[in-house]
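The residues making up each chain are set out below.
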Amino acid sequence: MRWRCPICAGDLALLQDGARCQLGHQFDRARQGYINLLPVNHKGSREPGDGAEMIKARRAFLAAGHYQPLANRLVAIVCDRVRDSSRITGPVNVLDCGCGEGYYTSALAAGLLELDTPARVAGLDISRMALRLASRQHAGIEFAVASNFHLPVHDDQIDVMIRIFAPGDFGEVRRVLGPQGIIIVVSPGPRHLYELKQGIYAEPRNHVAPTMPEGFDCLLEDTLQFPVVLQAREEIDALLTMTPFVWTARRETLSELDHLTQLTTQADFIIRCYQPMAV
Ligand SMILES: C[S@@+](CC[C@H](N)C(=O)[O-])C[C@H]1O[C@@H](n2cnc3c(N)ncnc32)[C@H](O)[C@@H]1O
Ligand SMILES: [Zn+2]
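Here the structure is a predicted model, which means the values were calculated and not measured. (Residues numbered from 1 in each chain as written. Chains lettered and ligands numbered in written order. Predicted model: local features only at pLDDT ≥ 70, side-chain atom pairs only at ≥ 80, totals over all residues. Heavy atoms only, no water.)

Our next topic: the coordination of the zinc ion (ligand 2). Protein ligation of the zinc ion (ligand 2) involves Cys5 (SG), Cys8 (SG), Cys21 (SG) and His25 (ND1), the donor distances falling in the range 2.1 to 2.4 Å. Coordination at the zinc ion (ligand 2) is tetrahedral, judged from the four donor atoms that bind it and the angles of 100 to 116° they form at the metal. All donor residues of the zinc ion (ligand 2) come from one chain, and their arrangement in sequence is C-x2-C-x12-C-x3-H. You can see cysteine 5 sitting in the loop between β1 (3-4) and β2 (11-15) and its partner cysteine 21 sitting in strand β3 (residues 18-21), a full 16 residues away along the chain. A relative accessible area of 2% means that cysteine 5 is categorised as buried. Classification of cysteine 21 as buried rests on a relative accessible area of 6%. (Donors = N, O, S within 2.8 Å, 3.2 Å for Na, K, Ca; no water. Tetrahedral: all angles 85-135°; square planar, octahedral: opposite > 155°, others 65-115°. Helix = DSSP H or I, 4+ residues; strand = E, 2+ residues; numbered from the N terminus. Buried < 20%, exposed > 50% of the residue type's maximum accessible area, 1.4 Å probe, protein only.)

Written as structure tokens, this is what we have:
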């Protein structure tokens, strides 16, 4: 995978202590292992992306295995793709955009390792907090702070991109995908966490399916539903803290949920796989 300088778009060499381009732009490697490739003018705020509390809650929730069926499904889709792809001759380049604390990134890296296919797996997120946790836990994956709207990757590089519940730009996706490259996008299905929403809103609304991006073929559309069974107060707190719509809820509504010690709610995901149309 060839990285590119987020300032001058030249080649970027990844080194032990950071990254450097031919024009001398330098980027530090944090002691946890990730590289900061986000120039100040792409930041938008002082600490963009999800904050420490949200990230820690997501880590606890995911580590408990509540979304394991989604990780399994993603690994299966990616491994099938790699097995079927005669075109990929060198290592498979996999990029997780908006990777958070790296749960799915590491599941993919492990899945590809079992497949015995050489792979380079990288994860990008705009949140430094997310990458602090991600890179501490997963050696062998290159993690970088970067924006999905300005990917620090040269054109035509990526075989498989994934983007799970994170924003992004399909122009950038088209640019960095290699020949026959694909992106797998996971979005909330209509009934995602519906029972949790019932505890918050008088009339919860279903999630609306994302629109199809222009200039892409949809190779696969899959849905995945399973129950999420929370059996301790801490698990309910973790889900509430990592869930963006909770931040718009009124405090008194949330306090009704404070009394719960058990909650079963449905996970509902839409998984789509897109490939740029041939031009
Ligand atoms: C709901 S979380 C999902 C994280 C991870 N994909 C997962 O499913 O566990 C959304 C992530 O997108 C990141 N994010 C938000 N805006 C971004 C941007 N412009 N570029 C890259 N990442 C972004 C956030 O920091 C956060 O980690
Ligand atoms: Zn440069």
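Before going further, it helps to spend a moment on the environment of tyrosine 274. Mapped onto the fold, tyrosine 274 is located in strand β12 (residues 263-276). In the structure, tyrosine 274 is positioned 227 residues away from glutamate 47 in sequence and 31 Å away in space, judged by C-alpha atoms. If near-sequence neighbours (up to four positions away) are discounted, tyrosine 274 is found in contact with Phe170, Gly181, Ile182, Ile183, Val185, Thr211, Met212, Pro213, Phe216, Asp217 and Cys218. One polar contact links tyrosine 274 to arginine 272, side chain to side chain, over a distance of 3.0 Å. (Contact = heavy atoms within 4.5 Å. Polar contact = N/O pair within 3.5 Å; in protein donor to acceptor, adjacent residues only side chain to side chain.)

Purely geometric numbers; function is a separate question.
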